[in-house]
Structure formats: C-alpha cells, structure tokens
Amino acid sequence: MKSIVVLHHLLLLFFLLFSHVSSWKKEEFRNCNQTPFCKRARSRKPQHCNLIATDVTINDGDLVAKLITPNRFEQNPDQNSTDFQPNPLILSLSVYQDGILRFKIDEDPVYNPPKKRFQVPDVVVSEFVSKKLWLQRYTKGVIDGDSGESFFVYLFDGYEAVVRSDPFEVFVREQSSGKRVVSFNTHGLFDFEQLRFKKEGDGWEERFRTHTDSRPFGPQSISFDVSFYGADFVYGIPEHATSLVLKPTKGPGVEESEPYRLFNLDVFEYLHESPFGLYGSIPFMLSHGKSRGTSGFFWLNAAEMQIDVLGTGWDAESSIVLPSDQKRIDTLWMSEAGIVDAFFFIGPKPKDVVKQYASVTGTSAMPQLFATGYHQCRWNYRDEEDVKNVDSKFDEHDIPYDVLWLDIEHTDGKRYFTWDRALFPHPEEMQKDLFSRGRRMVTIVDPHIKRDDNYHIHKEASKNGYYVKDASGKDFDGWCWPGSSSYIDMVNPEIRSWWADKFAYSEYVGSTPSLYIWNDMNEPSVFNGPEVTMPRDALHYGNVEHRELHNAYGYYFHMATSEGLLKREGGKDRPFVLSRAFFPGTQRYGTVWTGDNIAEWEHLRVSVPMILTLGLTGITFSGADVGGFFGNPDTELLVRWYQVAAYLPFFRGHAHHDTKRREPWLFGERNTELMRDAIRVRYTYLPYFYTLFREANVTGVPVARPLWMEFPYDEATFNNDEAFMVGTGLLVQGVYTQRARDATVYLPSDHTWYDLRSGTAYKGGKTQKVEVTDADIPVFQRSGTIIPRKDRFRRSTVQMENDPYTLVIAVDGSGSAEGELYIDDGKSYEFKEGAYIHRRFIFSNGKLTSVNLAPSTSKFESDCTIERIILLGHTTKSKTARIEPSNHVTDIELGPLQIRSGVRSSVLTIRKPNVRVSDDWTIKLL
C-alpha cells in the first residue's frame, strides 16, 4: 500500500512540475468577473458612497473624524445581511514634511469588530515617522454648493489638505487658486465592507476551480476613486508587462478589459501588453502633465488589489460637475482586505514625487560595486567542471564578468543550504577559485522547505512552529520544486531572525564570504495551490489571514535573507540578494528582476517600460533576463538584448534548462565580438552607474529614467518608452526589430545631443532618423553634462579598482557642463561614516574645476588619476592646457571617442593631465 501512495505522489509531482514549465494558461488565474470584490466594486455608480464626516477634532497631532451614514440614506445594498448596520469608521489625517499627506480609514475599535484589520508593518521607515508635523488647529469653511462644512489644514508651500464633510471627500489643492492636485472619493465610489461575525446561513465561501476559500470573516473589501488633476498620463503600479503609460481599462471606447491587477503570482511565459499582475506589487501611481506637473498616490495595503484607469467620459451619467479648466484622470482602486492607509504626494516636479515616496518607504540600498557588473546565470550549471569551464571561457574570449550563478540543481535534493556533493564536492574551493580572479558566486534559496524529517531546516521549523498554517491550524503543505513543502512564516520577526541565522558559515556549510543569494518563487509559488499560490485563508503570525498580506510575503522573505548576509559578515559588508517578488520597501534589501520572460523581440521591447516603472516606484536596481528565460533567441535578438541591457541597472544573462546554451562565445566570432563590446560598454560606464546608484541611495531618484522625468515640459517625451535616460547625461534608444538599418529617435528640446558612436551633434526638439549597424544601438550624451568612464578592459570590477578615469565633457550652448563622480571602497558601510570621494566637475569659460562634495573629515583616498578628458562640442583652437596647482602644461590633440572595435571617431582630447580624482584642481585651456 505504501508503495502505491509513493507512486501516486511521484506522479502528482511530475504532473505539477510539467504543468509549471508549460506555457501560460489564462484559465488558471482569476479575472475580475471571477473575483467577487472586484466585480462588486466595478459595478458601483458614482455617488454610491453615503458617508459624511462628523465629530472633527485634533488628536495626537492628527485631524480625526468619524465617517457615518446619516439616517436620510437607506441601507447600503452591498451588505448581504438585512439586519447588518454598518458602524462608524474612523478617519485620521496626518501631515508630514516636504508635502506629504497621510490618511487612514479603519473600523472603530469601540464597536468590537471580530478582529483587528491588518496594517502592513515594517514598510514605512522610522525616519519618516519622525517627520510628522503635529497639527494644532484647522480652519472651517463651506465649499460652494455643499450642505456641510469642510475642514482645512496647511500642508506645504502654498498647498492645503481639505476634508469635505458632506459629501465626504479628501483632497489637496492650491491655496491661492483653489485648483485641486489629487483627490479621494470625488465621485463617491468609496466602499468599506466591515468585518462581521458569521451567522447560520451566511454563505461566504468562494470557489475557484477546485479550491474553496472559507472566508471566515466575510467580505472585507475596500474600494474608492482617486483623481489626478492637470494630468496628461498616469504611470506606476508594477508589475505588468505593458507600456510605461497606463492605458484606460474602463470607459467609452475601451473594449472589454481587465483592471491592472496587483497580486504576486508565479507567471511563466507571461504575455506582453497585458494588465495581468506578475511577481510583485507596488500600489503607487504617479501622474504627470505639462500644466500642473507631477503628483502621486500610494496605498499601503498587501492584499490583492485591482486598479482601473477610467477613460474620458466614464462618468457621463454622473451629476458631478468639476471645474472645466482642470484636466483630470480618474482611477478606481479595489482591494480584498486591509485598511485605507494612503499617501498623497504633491510634487510638483517628477523627482520631487519619487523623493517623497522614498522618504516613506526608503531609498535603494547601496550595492557593492561587483553587483553593478555583468552576471552569468543558467538553470543550471551542471557541476564544478562546468563552472570552471564557463569561467575560463570568459577569460579566453576577453569578456568581463563579475558573478556566476547556480540555480536549484546545485542542492542536495532541492534542500536549500545544501550542496549535491556528487556534482559540487568542493564548494568552498570552487568559490575561492572564482574569487581569486575577482569574481563571486550566487546560489538560490527559496521559501518552500522540503518536508523531510532528515532535513535539519524542516526539523527545526516544524518543531518550533515556524511554518505558515492552513485554515485548520496545521502546517500548510503545498507542492513546489522539492515536492511536498511547507513555507516559512516570515511575517514573524522572531522567525525572520532565525532564518537570518541560517546564513552563518557554520549553518550554510560550504558557503564563503564571496557567496551571495537569490530568492526565487517567493510570491509564494505553490504548484497545487489556487492560482499557483497559497490559499487566502492560510494563517500567519498573529492570526493574520494570507489574503491580508499576500503581496508582502516575498518582501519579508527578501528582508530576512538580506539580514542573514548582513549578520554573516558582522554588519560590515553590504548584502546582495536578488528577489523575484517585491513590495514597497523592497529597494532597501536588494535587487529584483522581471521574471520568466521569453526570447522574443516583444519581450525585449517591454522590458524597458517594465524596468522604468520599477524605478519610478522606488526599485531602481532591476533588470530583465538577457535573451529571455524561455525559448532560444535568434542571434540578432540576443545581441540586441545585450546592447540594451548593458545600460539598464541590473545586467544578467539567464536561461531555462530546456534552452540551448547561450554563453556569448557560442555564436561565432563576429557575434562574440558584438556581445563582448556590449558588456565592455557596461564596464566602461561603471563609474557613472556607481555614482547614480549613490544618488538613488541618497535621494530615491532612479538610475534608469523615463525621458519625461528629465524633460517634464516636453510633451513628446510623456509616452515615450522606447528610449530612456541613464541619469541626466545619457539617452539610450533600443533597437527592437529584426534587420533594422535605421532607428527613429526623439531627442528632447533645448539641448544638443552628441552621438557617442561618432561625436556628431544633433539639435534637440526633433525626431532624428539615424543609421544603425549590428555593432551598437544609438546612445547620445546630453549637452551640459560630464560623464566619468574607465576605458581599460579588465576581467572584472576588482581589477579595475586602480585604473585611471576618462571624463567626457559635452558642452552646452554657453560652453559649459557639469557632472559628478562618487567613489568608495565598493563593499562596506564605511561610506555612511563619510569614507568616500565625491567630486563635482564644472567646465566653464574654457576651465575645468574639480570641487569636493565629500565631508572634509573623509579619510577615504584613491591614487586613481584622470587619464583623458574628451571635449564634445567645444570649438577651441587651443593646443595645450595648464593644470593647477601643479603648474604644468599638457597637450590637446585628436583622440578616439571610444576605445572599441569598429569605432573610428576622433575628438578633442586633453591627454594625460594625470590629476588625482581625490584632489582639488583646475585645467585651463590655453
């Protein structure tokens, strides 16, 4: 009998694994009509909300009010039980520095609801809480046509927050003009389903395919409308494989469409141009328009969410009349559970909004320098011999790289923190051998733990009660790569600490200081679960249902893993952890990628807006699998993917085990040369990238940026997602079609743009048609910028440490330019104590000056020098330049713009000024 059961389990595992790697099946996932809370919310009409705000007071520095249904309104038809009377809700509104409004709406605990609704912990950073401005008073007034008073509090720099009592609404407006910026419940679509005690006959269960959700507390969803004023477009709310601009999903002229879904799922071979939710969720939306600028809205909620962008005229039947001079975009937000914990960001500039959001959820962690280089991965490199061979081939073909990755097959029977000792008998020596050439290794660690009584992780987790429970209170048992698996309950801080301890060298036997970690499948993926994930009625720490925190599960797992690497090194070195699932705050713990994409041109194309959207919503260190995870790219596609990805923040080649091997040297000499050149370009610009990562670490402004972030008044940039900016200085235009011989590039206005292949200058404000070859893609440097490079080719970032720098100066119309360079030790946290070099380079009136931006007490030094200074757009006839304070003269002559095969351009070059990057100096053209 036992053998029959084992056979049954093996057959089931085979079926599940086979199903998982086959193509995406739409029917396995719910749509809005199959999701009751979404269907209910979408069916509501404007002015559905009957709530009014009363009993307004100032309490603990907040404006507090009760939201009640007055007697003049009939019972809300959405409440299933005829004897259910909704209790008052509590609104609290807080003001923070720099133009941030936070407001919460929750059930009133006075009325003893069945349980406390879940509020997401460990996302809002403590520094933000300390920026609260304690309200002392409010003013009252009547907005034209209202039957009740409104309450006003000063927000920031000429803006005020308004709580409108009847009809209930919260909005921010300009004090002087009364023009609105962003509003909540303008159209009266707010609905808050309150928790209830189950009574006999309450049919709350929901079924999807073969799964039943018990829903023990009944419907508990929340929905509301948010309007953005002066907006031409809206952006954000990743993760979806779609355009940068969020297209309308409902309204006149919009064919049947799904809302944008935010529900972390294991979706393989996902469709491009789809609102279907993927691996991560960030409920943060930005709007932008030429007239008003930029604003933002963030809802801190970890339950499933659906968001409609409402097309013009969607509310044609509504009697609401809004000011005719205010263009707006309306949106509908729907969530299965949680509370309203929402933030308005008033901008008004694009970078203001991303900085405001970063002040709430944190800025990006500063990566180690090696992590910004190229990563080589595959499911799977077979054994130590395979690893050694791949590593040696990079050197043989003079291709730099920094990290080699091992997928799940390196483990002993898919037990994490172990090694298959037949294939990897000497893991420490393998890692040390890589590190001797300046390279690191990454191994995979997922949240599903093999249920094996001989496996020490399982034994400890089971004994200590560290697993997520099913609805009956038993350890949840689902299927993933190891077969029968349970899942660590990472919501519990104690369990996260236990998990972090597992990365100690004594626990993770075979690991070394050069080993880093990859968290996959952490949505979480459950092959036999509803929608390939965990049941919504599973239970976590504090008796919280999985439905309430689903989208944050992977975030807590990522957090615990990052803390583990931090503990391992005694808090000295920065962790590197890649995660597939993400949530607001993920940027503080590491890197993400766009998951299981496909080797198709459309997936190369959509990877750009996906990564730009992640950057807009806080996660700057992101990338897509080069070449596509599934399928076999044709050689041209693979080359073009390398050429685009070299300019994106996270740069990794990765592939499924059923694909053909695709290391860069396997496609003939010419294509090896092209891919080598693309990877070398990345290493050339690493000083610039590292400087931008530091900017992201300090401010939250992303490394890769949509054009409109840099050019907020140029309407031609607002919906352009084929090109992107790297920092302020580089514009990159991808090539996304086969056999392309030219590319159409829009170059934003008010600037000259220098083609970095030839040095040719183009006037901005025009669409240019430029020739392309197989050798590269169009990249332009913006006038008025100075970009640092390192032009010597090495095998990894370690060997580049003491190499000299090149500065590329692209002057503007006045002959001026500026740029920055940031340097630290590339690995530790000593930069937080001021141990870094930060220089600003200013070129004006024929003189280049290096100015110190680091603390005067900084003890970090570098002997690196400036080897070359390239001048683009400068018309000087000078033959020499004087360097101070050393008072010596150096030559100006023609030199190469790039040191690359096939690039023959000659540009003005100051040769060997040999000034140290850490010093103050000037170079004057004579």
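Residues numbered from 1 in each chain as written. Predicted model: local features only at pLDDT ≥ 70, side-chain atom pairs only at ≥ 80, totals over all residues. Heavy atoms only, no water.

(A) Spatial organisation of unusual backbone geometry. Cis geometry marks the peptide bond from Asp 166 to Pro 167; its omega dihedral reads 0 degrees. Backbone geometry at Ile 237 places phi at a positive 40 degrees, although glycine is not the residue there. Along the chain, Ile 237 turns up in the loop between β15 (233–236) and β16 (260–262). Residue Glu 531 is not a glycine yet carries a positive backbone phi of 55 degrees. Mapped onto the fold, Glu 531 is located in the loop between β28 (515–519) and β29 (539–540). (Helix = DSSP H or I, 4+ residues; strand = E, 2+ residues; numbered from the N terminus.)

(B) Structural view of the packing of aromatic side chains. Counted by the stated rule, this structure contains 63 aromatic pairs. Stacked on the ring of Trp 593, the Lys or Arg Arg 652 has its end atom at 5.0 Å from the ring centre. For Arg 694, the ring lying beneath its charged end belongs to Tyr 836, and the centroid distance is 5.3 Å. (Phe/Tyr/Trp six-rings, centres within 6.5 Å; stacked < 30°, edge-to-face > 60°. Lys NZ or Arg CZ within 6 Å of the ring centre and 35° of its normal.)

(C) Structural context of the pairing of strand β27 (residues 483–487). For β27, the buried fraction is high: 4 of the 5 residues fall into the buried class. Pairing of strand β25 (residues 448–450) with β27, which is carried by 3 bridges, proceeds in the antiparallel orientation. Within β27, the position partnered with His 448 by the bridge is Tyr 487. What sits between the antiparallel neighbours strand β26 (residues 478–480) and β27 is a turn of 2 residues. (Buried < 20%, exposed > 50% of the residue type's maximum accessible area, 1.4 Å probe, protein only. Pairing = 2+ DSSP bridges.)

(D) Expanded view of the sheet that holds strand β31 (residues 577–579). Taken together, 9 strands build an open sheet; the order of strands is β33-β32-β31-β28-β24-β23-β22-β35-β34 and the sheet is parallel. Both edges of this open sheet fall to β33 (622–623) and β34 (625–626), since each of them pairs with a single strand only. Pairing geometry for strand β24 (residues 440–444) and β28, over 4 bridges, is parallel. Within the sheet, the bridge partner assigned to Ile 444 lies in β28 and is Trp 518.

(E) Local environment of the layout of surface pockets. Within this model, the largest pocket holds a volume of roughly 840 Å³. Thr 363, Ala 365, Arg 588, Asn 697 and Lys 832 are, among the 39 residues lining the largest pocket, the residues nearest its centre. When residues of the lining of the largest pocket are traced back to their parent elements, those giving at least two are α3 (126–129), α4 (350–361), α10 (553–568) and α14 (686–699). Top element by residues in the lining of the largest pocket is α14. It accounts for 5 residues. Counted by class, the lining of the largest pocket contains 18 nonpolar, 13 polar and 8 charged residues. (1 Å grid on protein atoms, 1.4 Å probe; cavity = no way out; pocket = protein on both sides within 12 Å on 5 of 7 lines; lining within 4 Å. Points joined across faces, edges and corners; volume = space filled by probe spheres on them. Nonpolar A, V, L, I, M, F, W, Y, C, P; charged D, E, K, R; others polar.)

(F) Main features of the sheet that holds β26. Read across the sheet, 3 strands follow the order β25-β27-β26 without closing on themselves; strand pairing throughout is antiparallel. At either margin of the open sheet sits one strand with a lone partner, and together these are β25 and β26. Strand-to-strand, the axes of this sheet are offset by a mean angle of 60 degrees, without reference to chain direction. Note: β26 against β27, 3 bridges, orientation antiparallel. In the sheet register, Gly 478 faces β27, and the bridge partner there is Ser 485. (Axes fitted to C-alpha atoms, helices over the stretch in contact; angles between N-to-C directions.)

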